[in-house]
Amino acid sequence: MNSAVAHPIGQQSVAMVTPFHADGSLDTDSAVRLAKFLVDTGTDCVLLSGTTGEAPTTYQPEKNDLTDAVVEAVGDRAFILAGAGSNDTAHAVRMAENAEAHGAHGLLVVSPYYNRPSQRGLRAHVDAILDATTLPVVLYDIPGRTGLAFSDETLDYFANNDRVVAVKDATGKPEQAIKRMNRTGISYYSGDDGLNYMLMSSGASGIISVVGHAAGKFFREEIDAINEGDFARARDIQVRVTPLIQAIMGGGQGAVMAKTAMHMMGIIESDRLRLPLVPAEPEEVERLRVALTDLELL
């Protein structure tokens, strides 16, 4: 990476889990502690109320309280990105408006899942959010979950809008991502921790990570090495954290395993989840424990 690459939301983002008390209620004290831990270990962008933050099972007042708490705690040290993801455009607009009203710095907008509109419908969905707010927008391309990829035509359309500042790419197609970032000029962020080195060494602006909950200091070293042109050192770091990436993202569910890791490391009070997410299996927890121990994170 060189100095010409733009970093509109920073370089190291973490899609933060949403901590709950053991009774299932929102735990803003743990959220503040976690946000501070993330920023202290290298994160310069905190994503709230994404899928990893269990946004489908948190309610708008909870999202507002979470945004308020994290903006107050670290908003002067990190870019606060808020999820505005729904397959109901009116609902996504309300989430975006609330995020802006409560101090978020930008929005993450995923394509509408399940009902899977046409590309024209996808463009109208994002445009409605842009029209309702003044915040910069990051498009989230993850067709494995949504069933609806952003087409080249749609990305070219949004490349002409100055408010669309970046794409979080979790398509699993790094060659396509590299071509798109070069063609459109939109800043690209790796949304797949296993591809962080590949995309960043090819010109991506940064990462939006799940594994960065625990591996933040390692990813910061990797990003710094790429910025300095030391690709061998960056590659070595990526290799070193691969067992942890596999432990968090490989077998279990990333949101579950990241929350388990943060509880295991003593950062959050409880690893409580909301259904339909359920706790990790004992063998998954043990694999995570070994990976964290090997990196001297426990």
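In this text, all values refer to a predicted model and were calculated from it rather than measured experimentally.

### As for the overall build of the chain
Here is step 1 of the chain: A count of helical and extended segments in the chain gives twelve helices and eight strands.
Here is step 2 of the chain: For 298 residues, the compact-globule formula gives about 19 Å, and the C-alpha radius of gyration of the chain, at 18 Å, lands near that figure.
Here is step 3 of the chain: Taken across its 298 residues, the chain has 57% of its residues classed as buried.
Here is step 4 of the chain: Accessible surface, the chain as shown: approximately 12200 Å² in total, 50% of it carbon and sulfur.
Here is step 5 of the chain: When the 25 basic and 39 acidic side-chain charges of the chain are each reduced to a single mean position, those positions are 4 Å apart.

### Describing the sheet that holds strand β7 (residues 187-190)
Here is step 1 of the chain: Strand order in the closed barrel formed by eight strands is β1-β2-β3-β4-β5-β6-β7-β8, and the pairing between neighbours is parallel. Direction aside, the axes of adjacent strands within the sheet are offset by 25° on average.
Here is step 2 of the chain: Across the face of the sheet, helix α7 (residues 174-184) comes into contact with β5 (137-141), β6 (164-169) and β7 while running at roughly 160° to β7.

### Notes on the packing of helix α4 (residues 119-132) against helix α6 (residues 152-159)
Here is step 1 of the chain: Axis separation between α4 and α6 bottoms out at 10 Å; the angle between their running directions is 25°. On the basis of their axis angle, the class for α4 and α6 is roughly parallel. Read as a crossing pair, α4 and α6 show a hand that is right-handed. The residues of α6 that touch α4, namely those facing Gln 119, Leu 122, Arg 123, Val 126, Asp 127 and Leu 130, are Glu 153, Thr 154, Tyr 157 and Phe 158.
Here is step 2 of the chain: A class-by-class count of the residues in the contact of α4 with α6 yields five nonpolar, two polar and three charged.

### Brief notes about the packing of α6 against α7
Here is step 1 of the chain: Direction vectors running N to C along α6 and α7 enclose 35°, while the axes themselves pass 10 Å from each other. The element α6 and its partner α7 pack so that their crossing is right-handed. For the pair formed by α6 and α7, the contact residues are Asp 152, Leu 155, Asp 156 and Ala 159 on the first element and Arg 180, Arg 183 and Thr 184 on the second.

### Observations regarding α4
Here is step 1 of the chain: With 14 residues, α4 ought to run about 20 Å at 1.5 Å a step, and its terminal C-alpha atoms sit 20 Å apart, in line with that.
Here is step 2 of the chain: Within the span of α4, buried status applies to Gln 119, Leu 122, Arg 123, His 125, Val 126, Asp 127, Ile 129 and Leu 130.

### Some words on the nonpolar core
Here is step 1 of the chain: Formed by 85 residues in total, the largest nonpolar core has its most connected members in Met 16, Leu 34, Val 70, Leu 139, Leu 244 and Met 262.
Here is step 2 of the chain: If we ignore the near neighbours within four places in the chain, the residues touching Leu 244 are Val 211, Ala 214, Ala 215, Leu 288, Ala 291, Leu 292, Leu 295 and Leu 297.
Here is step 3 of the chain: Listed in part, the 16 residues of the second largest apolar core include Leu 81, Ile 142, Ala 166 and Ala 170.

### Considering the pattern of salt bridges
Proximity of charged atoms lets side chains of opposite charge pair with each other.
Here is step 1 of the chain: Enumeration over the complete set of coordinates arrives at 13 salt bridges.
Here is step 2 of the chain: A salt bridge links Asp 152 to Arg 180; the nearest nitrogen and oxygen atoms lie 2.7 Å apart. Of this pair, Asp 152 sits in helix α6 while Arg 180 sits in helix α7; the two residues are 28 residues apart in sequence, bridging distant segments of the chain.
Here is step 3 of the chain: Judged by its relative accessible area of 5%, Arg 180 falls in the buried class.
Here is step 4 of the chain: A cluster of three or more residues bridged by salt bridges with shared partners is formed by Asp 141, Asp 152, Asp 156, Arg 180 and Arg 183.

### Side note on unusual backbone geometry
Here is step 1 of the chain: A cis amide bond links Leu 275 with the next residue in sequence, Pro 276, at an omega value of 20°.
Here is step 2 of the chain: One can find Pro 276 in the loop between α11 (254-264) and α12 (282-294).
Here is step 3 of the chain: Despite not being glycine, Ser 49 has its phi angle at roughly 55°, a positive value.

### Side note on the packing of aromatic side chains
Here is step 1 of the chain: Evaluated as defined, the whole model comprises one aromatic pair.
Here is step 2 of the chain: Seen in terms of ring centroids, Tyr 157 and Phe 158 are 4.9 Å apart; in terms of plane orientation they differ by 75°. Their pairing is edge-to-face.
Here is step 3 of the chain: The lysine or arginine in question, Arg 123, covers the ring of Tyr 157, its NZ or CZ lying 5.8 Å from the ring centre.
Here is step 4 of the chain: Directly above the aromatic system of Phe 20 lies the positively charged group of Arg 274, at a separation of 4.2 Å from the ring centroid.

### Here's the deal with the environment of Ala 258
Here is step 1 of the chain: When you line up the elements, Ala 258 lands in helix α11.
Here is step 2 of the chain: Of the residues examined, Ala 258 reaches a relative accessible area of 0% and is grouped as buried.
Here is step 3 of the chain: Linking Ala 258 and Glu 269, residues eleven residues apart in sequence, is a C-alpha distance of 14 Å.
Here is step 4 of the chain: Not counting residues up to four positions away in its chain, the partners in contact with Ala 258 are Val 17, Val 210, His 213 and Ile 248.

Thresholds, definitions, all that
- All chains use their own residue numbering, which begins from 1 and follows the written sequence.
- With the structure being a predicted model, the display of local features is reserved for residues of pLDDT at least 70 and the display and counting of side-chain atom pairs for 80 or more, all residues being used for whole-chain, interface and lining totals.
- Side-chain metrics rest on all non-hydrogen atoms present in the structure, leaving aside hydrogens and water.
- Only DSSP runs of H or I covering at least 4 residues are called helices, and only runs of E covering at least 2 are called strands; the numbering of each starts at the N terminus.
- Note on method: radius of gyration uses C-alpha positions; expected globular size equals 2.2 Å times residues raised to 0.38.
- The classification of residues rests on relative accessible area computed with a 1.4 Å probe and restricted to protein chains. Under 20% of the type maximum is buried, over 50% is exposed, and intermediate values are partly exposed.
- Per-residue and other accessible areas were derived by the Shrake-Rupley procedure at a 1.4 Å probe size, with only the shown protein chains allowed to occlude residues.
- Positive residues here are Lys and Arg, negative ones are Asp and Glu, while His and the chain termini are left out of the count.
- To locate a charge, take NZ of a lysine, CZ of an arginine, CG of an aspartate or CD of a glutamate.
- One bridge is not enough; two strands pair if DSSP finds at least two bridges between them.
- For helices, the fitted line uses only the C-alpha atoms of the stretch in contact; every axis is such a line through C-alpha atoms, and the angle between N-to-C directions lies from 0 to 180 degrees.
- In this analysis, two residues are considered to be in contact whenever any of their non-hydrogen atoms come within 4.5 Å of each other.
- Angles below 35 degrees are treated as roughly parallel, those above 145 as roughly antiparallel, those between 65 and 115 as roughly perpendicular, and all remaining angles as oblique.
- Helix crossings fall into two classes, left-handed where the near helix is turned counterclockwise from the far one by less than a right angle and right-handed where it is turned clockwise.
- Three residue categories are used. Nonpolar comprises Ala, Val, Leu, Ile, Met, Phe, Trp, Tyr, Cys and Pro, charged comprises Asp, Glu, Lys and Arg, and polar comprises the others, including Gly.
- A helix is expected to span 1.5 Å multiplied by its residue count minus one.
- Working definition of a nonpolar core: buried Ala, Val, Leu, Ile, Met, Phe, Trp, Tyr and Cys residues. They are joined through side-chain atoms within 4.5 Å.
- The salt bridge definition used is simple: a Lys or Arg side-chain nitrogen within 4 Å of an Asp or Glu carboxyl oxygen.
- Working definition: a ring pair exists when centres of Phe, Tyr or Trp rings (six-membered ring for Trp) sit within 6.5 Å. Plane angles under 30 degrees give stacked, over 60 give edge-to-face, the rest tilted.
- In our convention, an over-ring charge means Lys NZ or Arg CZ found within 6 Å of a ring centre and within 35 degrees of that ring's normal.

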